[in-house]
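Letter by letter, the chains look like this.
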Amino acid sequence: MGSVLTIRGGIPLAGKVSVRGAKNLVPKAMVASLLGNTPSVLRNVPEIKDVDVVTSLLQLHGVKVTKDPVTGDLTMDPSDAKMARSKDIDAHAGDSRIPILFCGPLMHSIGEAFIPDLGGCKIGDRPIDYHLEVLRNFGAVVDKRPGGISISAPKGLHGAKLTLPYPSVGATEQVLLTAIRADGITELSGAAVEPEIMDLIAVLQKMGAIITVQTDRVIRIEGVRELTGYNHKAISDRNETASWASAALVTRGDIYVEGARQLDLTAFLNTYRKIGGAFDVDDDGIRFYHPGGDLSPLVLETDVHPGFMTDWQQPLVVALTQAAGVSIVHETVYEQRFGFTEALIRMGANIQVHRECLGSVPCRFGQRNFLHSAVISGPTQLRGADIDIPDLRGGFSHLIAALAADGVSRVTGIELINRGYERFQDKLEGLGADFDVTGDAPAATVAPA
């Protein structure tokens, strides 16, 4: 059953943590190295599971990956790229969705690609239809086989004019990684424009790509025949930053996040201040703290960038359980992201989830019977409980709740958190959290009030 984190809550977290390269950028930049004809160097790389998965996948495809033992920088040499065996791909990437992004680069470098059935966090459909349709528009032939999908381009890849029905980050990445060496011009409308997308574009431009980001979510890519490697420092992880900021608020603590970037967190910082949190920005990071007094309720809708990011929602919901009044959160990006509230309710939170769109604007889930709006009434005293982590952000939110709760919590499934939070146990220890890690645990039960 894996490790168990036993947390004795009620201690304000205080101290400093450092955040490094963004989980939503680093693995994609690693995949981009396949497109170059010389080695690439990626700096500011975090020690997270997704990086390990992509490292293994690159090595399976013949890419030589070298890690600097001091800095952690990765050097990736694709000169011997080759097709990997499907069973090996499946063994290394069965729990990750990153293989879908290998398709364009592999077709450019070796003429074909295979992706296994995709995993990832269980927070919604996340269909790969966007990806497959994108690849077909470039001239790819998609063949569904037992255990995965084979993709080839017998006539080569060509530019296309594409419109996404929703500004999907993954589909936008797919277009970028496929279009830059396709023959002709690609125009993508309805593109995602998250900071991680812009940083990926910076990586590709360093390699020799010609990419223009126009107004109204339009990206224009002029295909080139050849690309070189890159040398790039990844932007810091804004989602990890927001998670630690929420932890400071919920535990009434004071955390300085070294490496945090204000520009990437504008929507979060505005909301943080409205709730009653405080922050100080300097050149090296951001200090987040609870200034005292009551937290304020609010009405919040998640959205694609530059709106309030869906990954920030779950940690912030924990903070809203401590606000004096009724808050409403309308999730518009992933349809099943409120499953994590079940554990919070068992811990004493007053949360009701609804199928209706409770925000100001109806969303695409309104008529599809998904529980995608939440009403949080507070403040409530959280109690320790036994919790099994369901997904990455929900899992970290459970940790935050346990750290603030009265009593002892036992948390299983913490391996999921390693996907996106670098050395989170070391960071908790540095912030003064009271916890230990033990072996397997019995079935979860609520700790007594």
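Thresholds applied
Residues numbered from 1 in each chain as written. Predicted model: local features only at pLDDT ≥ 70, side-chain atom pairs only at ≥ 80, totals over all residues. Heavy atoms only, no water. Helix = DSSP H or I, 4+ residues; strand = E, 2+ residues; numbered from the N terminus. Rg over C-alpha atoms; globule rule 2.2 N^0.38 Å. Buried < 20%, exposed > 50% of the residue type's maximum accessible area, 1.4 Å probe, protein only. Contact = heavy atoms within 4.5 Å. Areas by Shrake-Rupley, 256 points an atom, 1.4 Å probe, with all protein chains shown as cover. Salt bridge = Lys/Arg side-chain N within 4 Å of Asp/Glu carboxyl O. Phe/Tyr/Trp six-rings, centres within 6.5 Å; stacked < 30°, edge-to-face > 60°. 1 Å grid on protein atoms, 1.4 Å probe; cavity = no way out; pocket = protein on both sides within 12 Å on 5 of 7 lines; lining within 4 Å. Points joined across faces, edges and corners; volume = space filled by probe spheres on them. Nonpolar A, V, L, I, M, F, W, Y, C, P; charged D, E, K, R; others polar.

S.K.: Would you mind showing me how to read the overall build of the protein chain here?
M.R.: On a plain count of helices and strands, the protein chain comes out with 13 helices and 23 strands. Rg of the C-alpha trace for the protein chain: 22 Å, near the compact-globule value of 22 Å for 449 residues, within the 12% margin. Considering only C-alpha atoms, the protein chain reaches an extent of 65 × 50 × 45 Å along its principal axes. Within the span of the protein chain, comprising 449 residues, buried residues form 56% of the whole. Once local pairs closer than 6 in sequence are excluded, the contacts in the protein chain between residues at least 24 apart make up 75%. About 17700 Å² of surface is accessible on the protein chain, with carbon and sulfur atoms providing 48% of the total.

S.K.: Where do I start with the pattern of salt bridges in this structure?
M.R.: In a structure, side chains of opposite charge can pair up when their charged atoms sit close to one another. For the structure shown, the criterion picks out 19 salt bridges. In this structure, the salt-bridge partner of Lys161 is Glu187, at a minimum N-O distance of 4.0 Å. Pair noted here: Lys161 is in strand E9 (residues 161-163) and Glu187 is in strand E10 (residues 185-189), with a separation of 26 residues, a long-range link. With relative accessibility at 69%, the residue Lys161 sits in the exposed group. When its relative accessible area of 26% is taken as the criterion, Glu187 is described as partly exposed. Three or more residues joined by partner-sharing salt bridges are found here, namely Arg8, Asp434 and Asp436.

S.K.: Would you mind going over the packing of aromatic side chains with me for this structure?
M.R.: Think of a pair of aromatic rings as described by two things: how far the centres are apart, and how the planes are tilted against each other in angle. A complete count under the given rule lists 9 aromatic pairs for this structure. Ring centres 5.6 Å apart and planes at 65° place the aromatic pair Phe268 and Trp312 in the edge-to-face group. Separated by 44 residues along the polypeptide, Phe268 in helix H9 (residues 266-275) and Trp312 in helix H10 (residues 310-320) bring together distant segments of the chain. Taking relative accessible area as the criterion, Phe268 reaches 0% and is therefore assigned buried.

S.K.: Looking at this structure, I do not really get empty space enclosed by the protein. What am I missing?
M.R.: The gaps of empty space that remain are located by a probe, the size of a water molecule, rolled over the atoms. Under the criterion given, the structure shown has 2 cavities of 30 Å³ or more. Along the walls of the largest cavity sit Leu57, His61, Ile89, Pro99, Phe102, Cys103, Leu106, Ala113, Phe114 and Ile115, which together make up its complete lining. Sorting the residues of the lining of the largest cavity by element identifies helix H4 (103-109) and strand E6 (112-116) as the ones contributing at least two each. It is E6 that provides the largest number of residues to the lining of the largest cavity, a total of 3 residues. Within the lining of the largest cavity, the residues separate by chemical class into 9 nonpolar, 1 polar and no charged. Here the second largest cavity is characterised by a volume of approximately 40 Å³. Lining the second largest cavity are Arg20, Gly21, Lys23, Pro46, Ile48, Asp237, Glu240, Gly420 and Glu422.

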